[in-house]
Protein chains: 4
Amino acid sequence: MSEKIRKIGVLTSGGDAPGMNAAIRSVVRTCAYHEIECVGIYRGFEGLIEGDFKVLSARSVNNIIHTGGTMLKSARSKTFRTAEGRKAAHTHLKNAGIDALVLIGGDGTFTGGLVFNKEFNFPIIGIPGTIDNDIFGTNYTLGFDTALNTVVQVIDKIRDTASSHKRLFFVEVMGRDVGHLALNAGVGAGAEEILIPEEDLGLDRLLESLRRSKKSGKSSSIVVVAEGDKIGKNVFELKDYVNENLEEYDVRVSVLGHMQRGGSPSCFDRVLASRMGVKAVETLLEGKSNYMVGILNNVMALTPLEKAVKGETDINMELLRVSDIMTT
Amino acid sequence: MSEKIRKIGVLTSGGDAPGMNAAIRSVVRTCAYHEIECVGIYRGFEGLIEGDFKVLSARSVNNIIHTGGTMLKSARSKTFRTAEGRKAAHTHLKNAGIDALVLIGGDGTFTGGLVFNKEFNFPIIGIPGTIDNDIFGTNYTLGFDTALNTVVQVIDKIRDTASSHKRLFFVEVMGRDVGHLALNAGVGAGAEEILIPEEDLGLDRLLESLRRSKKSGKSSSIVVVAEGDKIGKNVFELKDYVNENLEEYDVRVSVLGHMQRGGSPSCFDRVLASRMGVKAVETLLEGKSNYMVGILNNVMALTPLEKAVKGETDINMELLRVSDIMTT
Amino acid sequence: MSEKIRKIGVLTSGGDAPGMNAAIRSVVRTCAYHEIECVGIYRGFEGLIEGDFKVLSARSVNNIIHTGGTMLKSARSKTFRTAEGRKAAHTHLKNAGIDALVLIGGDGTFTGGLVFNKEFNFPIIGIPGTIDNDIFGTNYTLGFDTALNTVVQVIDKIRDTASSHKRLFFVEVMGRDVGHLALNAGVGAGAEEILIPEEDLGLDRLLESLRRSKKSGKSSSIVVVAEGDKIGKNVFELKDYVNENLEEYDVRVSVLGHMQRGGSPSCFDRVLASRMGVKAVETLLEGKSNYMVGILNNVMALTPLEKAVKGETDINMELLRVSDIMTT
Amino acid sequence: MSEKIRKIGVLTSGGDAPGMNAAIRSVVRTCAYHEIECVGIYRGFEGLIEGDFKVLSARSVNNIIHTGGTMLKSARSKTFRTAEGRKAAHTHLKNAGIDALVLIGGDGTFTGGLVFNKEFNFPIIGIPGTIDNDIFGTNYTLGFDTALNTVVQVIDKIRDTASSHKRLFFVEVMGRDVGHLALNAGVGAGAEEILIPEEDLGLDRLLESLRRSKKSGKSSSIVVVAEGDKIGKNVFELKDYVNENLEEYDVRVSVLGHMQRGGSPSCFDRVLASRMGVKAVETLLEGKSNYMVGILNNVMALTPLEKAVKGETDINMELLRVSDIMTT
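Residues numbered from 1 in each chain as written. Chains lettered and ligands numbered in written order. Predicted model: local features only at pLDDT ≥ 70, side-chain atom pairs only at ≥ 80, totals over all residues. Heavy atoms only, no water.

Asks: Can you help me understand the relation of the copies chain D and chain C in this one?
Replies: Look at the two chain copies: a rotation about an axis and a shift along it is all it takes to match them. For the pair chain D and chain C, the relating rotation is 180 degrees, the translation along its axis is 0.0 Å, and the fit reaches an RMSD of 0.0 Å. Here the transformation between the copies is reduced to the relation of a two-fold axis. A high fraction, 100%, of the interface residues of chain D reappear at the interface in chain C, so the copies pair face to face through one surface. (Least-squares fit on C-alpha atoms with pLDDT ≥ 70 in both. Contact = heavy atoms within 4.5 Å.)

Asks: Help me out: how do you make sense of the side chain of S274 of chain B in this one?
Replies: Along the chain, S274 of chain B falls in helix α9 (residues 267-285). What makes S274 of chain B buried here is its relative accessible area of 0%. With sequence-adjacent residues up to four places away left out, S274 of chain B is seen in contact with R25, S26 and I65 of chain B together with V187, V322 and M326 of chain C. (Helix = DSSP H or I, 4+ residues; strand = E, 2+ residues; numbered from the N terminus. Buried < 20%, exposed > 50% of the residue type's maximum accessible area, 1.4 Å probe, protein only.)

Asks: Mind showing me how you'd approach unusual backbone geometry here?
Replies: Trans is the prevailing form of peptide bonds, just as negative phi is the prevailing case for residues other than glycine. Backbone geometry places N121 of chain B, a non-glycine residue, at a positive phi of 50 degrees. Residue N121 of chain B is classed as exposed on the basis of its relative accessible area, which comes to 61%. One non-glycine residue, K166 of chain D, lies in positive phi territory at about 55 degrees. Mapped onto the elements of the fold, K166 of chain D is located in the loop between α5 (144-165) and β6 (167-173). On the basis of relative accessibility, which here comes to 36%, the residue K166 of chain D falls in the partly exposed class.

Asks: Please clarify how the relation of the copies chain A and chain D should be interpreted in this entry.
Replies: The operation relating chain A to chain D is a screw motion whose rotation component is 180 degrees, with 0.0 Å of axial translation and a residual RMSD of 0.0 Å. A shared binding surface is used by both copies, with 100% of the interface residues of chain A retained as interface residues in chain D.

Asks: Teacher, can you tell me more about the UniProt feature "active site" (unreviewed entry) in chain A here?
Replies: All names here are of chain A. The UniProt record marks D132 with the feature "active site" (unreviewed entry), using the residue numbering of this structure. Its location among the elements puts D132 in the loop between β5 (124-128) and α5 (144-165). Judged by relative accessible area, which is 3%, D132 ranks as buried. Setting aside residues no more than four positions away along its own chain, D132 makes contact with F144, G175, R176, V178 and H180. (UniProt positions renumbered as here; feature names shortened; annotations may be inferred.)

Asks: Please explain helix α3 (residues 83-96) of chain D as it appears in this structure.
Replies: Residues and elements named next belong to chain D. In this model α3 runs 20 Å from its N-terminal to its C-terminal C-alpha over 14 residues, within 8% of the 20 Å that 1.5 Å per residue would give. The set of residues buried in α3 consists of G85, R86, A89, H90 and L93. The buried residues of α3 occupy an angular sector of 135 degrees when the element is viewed end-on, so they sit on one face. In α3, the exposed residues that point more than 90 degrees away from the buried face are E84, K87, K94 and N95. In this structure, the buried residues of α3 make contact with β2 (37-41), α2 (44-50), β3 (53-55), β4 (100-105) and α4 (107-120). Directly beyond the C-terminal end of α3, a positive phi value near 75 degrees is found at G97. (Expected span 1.5 Å × (residues − 1). Arc of directions from axis to C-beta.)

Asks: Sorry, what's going on with the interface of chain A and chain D here?
Replies: For an interface, size is often stated in terms of accessible area lost upon the parts coming together. Taken together, the contacts link 52 residues of chain A with 52 residues of chain D. At the boundary of chain A with chain D, total buried surface from both sides reaches about 4,300 Å², with 52% on carbon and sulfur atoms. When the area that chain A buries against chain D is broken down by residue, the three leading residues are R59, C267 and M326 of chain A, summing to 14%. In this assembly, chain A and chain D are joined by 17 residue pairs in polar contact (both at pLDDT 80 or more). Of all the secondary structure elements, the ones that give two or more residues to the side of chain A that touches chain D are α1 (20-33), α5, α6 (180-188), α9 (267-285) and α11 (317-326) of chain A. Top element by residues in the side of chain A that touches chain D is α9 of chain A. It accounts for 8 residues. Classifying every residue of the side of chain A that touches chain D by side-chain character gives 19 nonpolar, 21 polar and 12 charged. (Buried area = accessible area lost by both parts, 1.4 Å probe. Polar contact = N/O pair within 3.5 Å; in protein donor to acceptor, adjacent residues only side chain to side chain. Nonpolar A, V, L, I, M, F, W, Y, C, P; charged D, E, K, R; others polar.)

Asks: How do you make sense of the interface of chain D and chain C when you look at a structure like this?
Replies: At the junction of the two partners, chain D supplies 32 residues and chain C supplies 32 residues. Interface area for chain D against chain C, summed over the two sides, is near 2,400 Å², with a carbon-plus-sulfur share of 53%. If you sort the residues of chain D by the area they bury against chain C, K157, H258 and M259 of chain D come out on top, with a joint share of 25%. Summed over the shared surface of chain D and chain C, the result is 0 salt bridges. The tally of links between chain D and chain C comes to 16 residue pairs in polar contact (both at pLDDT 80 or more). Of all the elements in the fold, those that place two or more residues in the side of chain D that touches chain C are α5, β6 and β9 (250-255) of chain D. Here the side of chain D that touches chain C takes 9 residues from α5 of chain D, the largest share from any one element. For the side of chain D that touches chain C, the residue count by class is 7 nonpolar, 16 polar and 9 charged. (Salt bridge = Lys/Arg side-chain N within 4 Å of Asp/Glu carboxyl O.)

Asks: Please explain a negative patch on the surface as it appears in this structure.
Replies: A contiguous patch of negative charge, built from D177, E198, E199, D200, E227, E312, D314 and D324 of chain A, is present on the exposed surface. With respect to the element layout, D200 of chain A can be found in the loop between β7 (193-195) and α7 (203-215). (Patch = residues over 30% accessible without salt bridge, like charges linked within 9 Å, V, L, I, M, F, W, Y side chains within 5 Å. Areas by Shrake-Rupley, 256 points an atom, 1.4 Å probe, with all protein chains shown as cover. Lys, Arg positive; Asp, Glu negative; His and termini not counted. Charge placed at Lys NZ, Arg CZ, Asp CG, Glu CD.)

Asks: Before we go on, may I ask you to explain the pairing of strand β10 (residues 291-296) of chain B in this structure?
Replies: One face of the sheet, then the other: side chains in a regular strand alternate in exactly this way. Residue and element names in this part refer to chain B. Pairing of strand β5 (residues 124-128) with β10 involves 2 bridges; the strand directions are parallel. Note on β10: the bridge partner recorded for I125 is Y291. What sits between β10 and strand β11 (residues 299-304) in their antiparallel hairpin is a turn of 2 residues, with N297 showing a positive phi close to 50 degrees. (Pairing = 2+ DSSP bridges.)

Asks: When you look at the domain arrangement of chain A in this model, what are you seeing that I'm missing?
Replies: Residue and element names in this part refer to chain A. With domains assigned, chain A is organised as domain 1 (2-143 + 265-310) and domain 2 (144-261). Put simply, the middle of domain 1 and the middle of domain 2, counted by C-alpha atoms, are 35 Å apart. On the side of domain 2, 13 residues touch domain 1, which itself brings 18 residues to the contact. The contact between domain 1 and domain 2 buries some 1,200 Å² in all, and 50% of this surface belongs to carbon and sulfur atoms. The largest per-residue losses of area from domain 1 upon contact with domain 2 belong to I131, D132 and D134, which jointly make up 44% of the total buried on that side. Connecting domain 1 to domain 2 are 2 salt bridges. Taken together, the connections running from domain 1 to domain 2 amount to 9 residue pairs in polar contact (both at pLDDT 80 or more). In the side of domain 1 that touches domain 2, the residues fall into 7 nonpolar, 6 polar and 5 charged. (Domains from an automatic or database assignment.)

Have a look at this one:
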């Protein structure tokens, strides 16, 4: 099967993440290294369906390794969920002579890819790109490390003003229904409390913890809240609740939002993206399909896409304990 | 009168701003240079009332020029609005042998200072510290330049994700009831539209502008909204309004919030703070009082505090026009 | 004359500076606003001579306002110093229908432009782009503010390690034969001593100052040295000299080099570039030539190019004094 | 043995690295959590010999997690290499009632610790803090990730100016006699060539590679050179050599120097430091000694200090290959 791969297509889909451009660059350059063609597919599955393709040379990806976003754009496609949509996509791929696809994205992207592979036996390999780090089969997804740095740098700024005024801040960070981003950024930012979906602290214990923090002489408090937290209140409601129950605090809220998805990727994400791009292309060239490239214990590893989309990523219990100790 | 000044107190009050620590450092070092004592007063007027003082040596302000927040903390004081509060403050100052005050803050701080001066004939000089740049008598307030850089760097990140997904973002920035921060940051961030209190664009023209921007081929749009904007809707309502009226846009909101007040000051703010601190102390040593130190046409200038708190700062009409041209 | 301007060319020449892309964008968009064509000329005068032109639409400068370097590239051209070279350039301009030029650069660029204008009566306007801030007729050149932030941020890092080890660092910054960058960055970075060409401190007084600083209890020392400083020794020789004469210091050297020219422009530089681009184009449209656009006392101002290249920029004596006081 | 530990000392020694303060904070807070005392020892082994100790409470390490350098200062101590020096150190420890030490540093620090332990049977645990990542027994040393980000961010700036002028830059990075920093930062910065001690590319192949890069249409070239590289020339000699042999290049040099050791730690380093501090203290409380805490395959792991100082860290051959492919 490997001898058949003469042209590889690459696309980014779902929420964008820092490092996607570095991954695209790596896929393109690895194709050039193996002297096969690489085709960029714009706007994810949407562009696949519409045949929005462009041949990418090694030079066309100059000067993008350090940029945020994705030069191929991204989109969520409803049409790709229909058989007609996927049919059109397959026709475009055949017409363009593309033999295999590298899909950069998250769960949804991989699920779409699996359906497409099943219908047309079309070789695909996934690269996990999401700031949420919620993909089974890799210790790190592309963009996670960058997003962590973005979040701690912003909280560093918030702490300046928080500690000048002895305020309490609830800072909401992304992460969908997992707490990896919140837990790591919370520890990194020296947060007094971290609320994540995997652990329901409960409102009573939150109040108690804040009271203890105040008593211990802390000049300010930062509480990092994962967007998917299940404490039963969003950050604005949390603010009101604490305002009502803890008179001594001047409480504020900050929802970090989409800035977490942008920005120049960290060195870690650039290196990871470069490694994953090489592995993705060379896995296709070995005649394999339906795998996700990941990093496990510091080496490149393959996980069946089926497992990647079904598996769950556990919260690091040791880190959770470290977080508790740090707020002593 | 000048021979009487042997000890100067310094405090920060109101909202904190990057550069306040650099200003404190400058006040302290200028006192040391002139061989007079300097006393730090904690938590603004609150600490004045409570006698929360600490002598500051030249070395005690080592390594703070680059830090955000204020080492002297800040607060808003209700008690200082009472005659009793101010009486207590005066007693503490007399007991500590403090002859004059440098007040770092904004309108409210200066107003409090003027009342205090009137009652006790106590020499005061103001240094304008606020990210809003809304003080008459200075082209730049401390923190404004840093906040501008914070805002454009965050919008640069947002644009990464906005342009990957062809989205429209409403980004709310601070500035109370003036648009200086929004206008400058909007131009600096290359925003497609800037909504400021000084100009009511109107909802119809906003929609029209967004439609034109879309047609012109822009891959994304950023609309910067001043918190005091008078378009009649907050950013969340704006989002809903545009969603209802412009189908082609996927609209998101980002409220930047308090991160704008924190962070390491820019070189501009550090230099400005250093200059202002020298000028403030030396103005007191010349026997003057009730002035605000400012920068006008690149030189240090004094403005009567009375004028500083009453005067208004006009929006830069030339820059407003530049903004219009840039969104062609 | 104004009715003749239908097409404007823009080029960047000499050393690049952050904000050049923002200025190009502004020139292009202002042309679009006034419905005239804009042509980008690549590699400065080299591209002018070779006819390396490309029409720039308003959309072709999307997403460059925040980028360092210059999308039009820059170069130093020997050929443009010859009559033949300039003849070729003029022929290309005529053939392309270009009626006027906006030149973004420094002294050398403007001098070349003046010669060209004299020979062919070709309308030109200059925009000062250099990190050195050494152009008469403007309080700020493009890139100066960004370079200041780059320098202080790097020195902040150096100070971390300097103060951990109680070391003395000589940090060489750019600035050619003027000390603006060194003086401002030195004050902003809290340097213990600043060596600039405009003031010959002398080696004896340097040693004395360092001894005093050590005695005063400072845990580390940073000496900022302008590359054009006239103390008679480069930073490496200074290190050796101090090592021989001050045993108590562990001395290190850091030459910041070209990183000072790169990086994303500060908000200040982006706004300044946007304003200057508008002013440059509109000045040409008013039928004027041979002026440099500058910012004087916060408003856009025109200075005859002849004066701009001949005039000198004085060091800010007040700031020099502030620097002395800060190192008390 | 574990019941004997009632008071733990902590020091930083050798070259400082970002994350050392976060590690100190973690050691202090973990002691507080286990209700034992923690004593900070200043200036590494120097302070140990002089008894320069200070009790550190949980609050005394507020607001340091994000700072570079080390609040305990560092130093290299000759006296500690003498039996008298170590005797004095032991006496001070006994007098202060300190039962065990956490040593944050590199090879030299651990070697000193081992000698001390052998002589006095004094419990010690090491935490690897160095930007060089050259310690056996941990995938990451504290500061490595931060230094990588510092380097790529600076090279991003250099590339701006390099590509504006089509220049070739030799950029020297730290790393002593290993190439981890250079290899990872080189891949992350998209360098055209990376020269590391572990691989002698040879001058001929370097020239060939640069010629090929030029031909392939690259607008600029960055060559990252590890300070310990064995190509036989330092970066300045390399520049001269290439200038003589490759006429088409305008070559420049940048030696990044000590800025690489400073700066606010990345989130990765803050989290790693927090985890290592907990593990170090709890390992001592378990009655163990002479181990280094490390991270291996994402979990905290102990390596005998003896092994840590003798073992070597291999260059990642897969990453070396990725680097080759990326420069296609």
